Amino acid sequence: MLKINNLNINYGGINAVRDVSFEVEEGSIVTLVGANGAGKSSILRSIAGVVTPRSGSIEFLGEDITGLSAEKVVKTGITLVPEGRRIFPDLTVLENIRIGAYLRKDSLDEDIKWVYDLFPRLKERSWQMAGTLSGGEQQMLAVARALMSRPKLMMMDEPSLGLAPLIVRDIFSIIKEINKNGVTILLIEQNANMALKTADRGYVLETGRISLSGTGAELLANEDVKKAYLGK
């Protein structure tokens, strides 16, 4: 579904991503793990059209989307749940959800029902101001908003950041449920244990390069991964 070929991303004189190549198969969950500053978020932002890579290519469903604007990337079927959630605090829950469908012209009723089925707490708080939600509820809202574009590929940047362990388990259960409904997932996550348990395939980034790759189970069993990211 997604092919990243020799991607390089610069910020000024800093080479944040160096010759990164990987693939995401349709219907799979793929995770990128690594320390802060490894280049994970830069990769997602370049796919989403927020950052223009210096070189390399991004292919989605056989089409080159390198350098497309963020709006055009969303139209291809890719959406991003950004780090820090980035919900609109002064709008209601329902208004935030509807914003996710801003490019659509058809009825939203069926999709709103679906995201409310996924996140019953959002339905209970549909007319509540989004800024008054808990951190976990705001993360659910960010995911619900992204789903309203009917994505083929959903990218998620640190969905468990700042959340309590019980809420983290809920979020990862929801990720699996979304994937079962036909949405391919590309996930960035510092909680490497949860990410690799959930993912079909994983890639480890170190200083802008991929240092290891394998199935989630293979990386969980890798001694270097255990020492660096699993605290074992």
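As the structure is a computational prediction, the values presented were derived from the model and not from experiment.

Asker: When you look at the pairing of strand β4 (residues 55–60) in this model, what are you seeing that I'm missing?
Answerer: Each regular strand displays side chains that alternate between the two surfaces of the sheet. Bridging between strand β1 (residues 2–11) and β4 involves five bridges; their strand directions are antiparallel. Each residue of the ladder has a partner; that of lysine 3, found in β4, is glutamate 59. One ladder, built from two bridges, connects β4 with strand β5 (residues 63–64); its direction is antiparallel. Paired with phenylalanine 60 across the two strands is glutamate 63, which belongs to β5. Where β4 folds back onto β5 in an antiparallel hairpin, the turn is made up of two residues, including leucine 61, whose phi is positive at roughly 50°.

Asker: What's the story with the sheet that holds β1 in this structure? I'm lost.
Answerer: Strand pairing in a sheet relies on backbone hydrogen bonds. The paired strands run either parallel or antiparallel. Strand order in this open sheet of four strands is β2-β1-β4-β5, and the pairing throughout is antiparallel. The open sheet has two edge strands with one neighbour each: β2 (14–24) and β5. Relative to the sheet, helix α1 (residues 40–48) contacts β1, β2 and β4, its axis offset from that of β1 by approximately 110°.

Asker: Could you clarify how one ought to interpret the sheet that holds strand β9 (residues 201–206) in this entry?
Answerer: Here we have six strands laid out as an open sheet, ordered β6-β7-β8-β3-β9-β10, and mixed in their pairing. At either end of the open sheet lies a strand with only one pairing partner, and these are β6 (78–81) and β10 (209–215). The average undirected angle you get between the axes of adjacent strands in this sheet is 15°. Where α1 meets the sheet, its contacts fall on β3 (29–33), β6, β7 (153–157), β8 (184–188) and β9, and the angle it forms with β7 comes to roughly 145°. The strands touched by helix α6 (residues 135–147) are β6 and β7; relative to β6, the strand with the most contacts, the crossing angle is about 170°.

Here is what the cut-offs are and how they apply
- Residues numbered from 1 in each chain as written.
- Predicted model: local features only at pLDDT ≥ 70, side-chain atom pairs only at ≥ 80, totals over all residues.
- Heavy atoms only, no water.
- Pairing = 2+ DSSP bridges.
- Helix = DSSP H or I, 4+ residues; strand = E, 2+ residues; numbered from the N terminus.
- Contact = heavy atoms within 4.5 Å.
- Axes fitted to C-alpha atoms, helices over the stretch in contact; angles between N-to-C directions.

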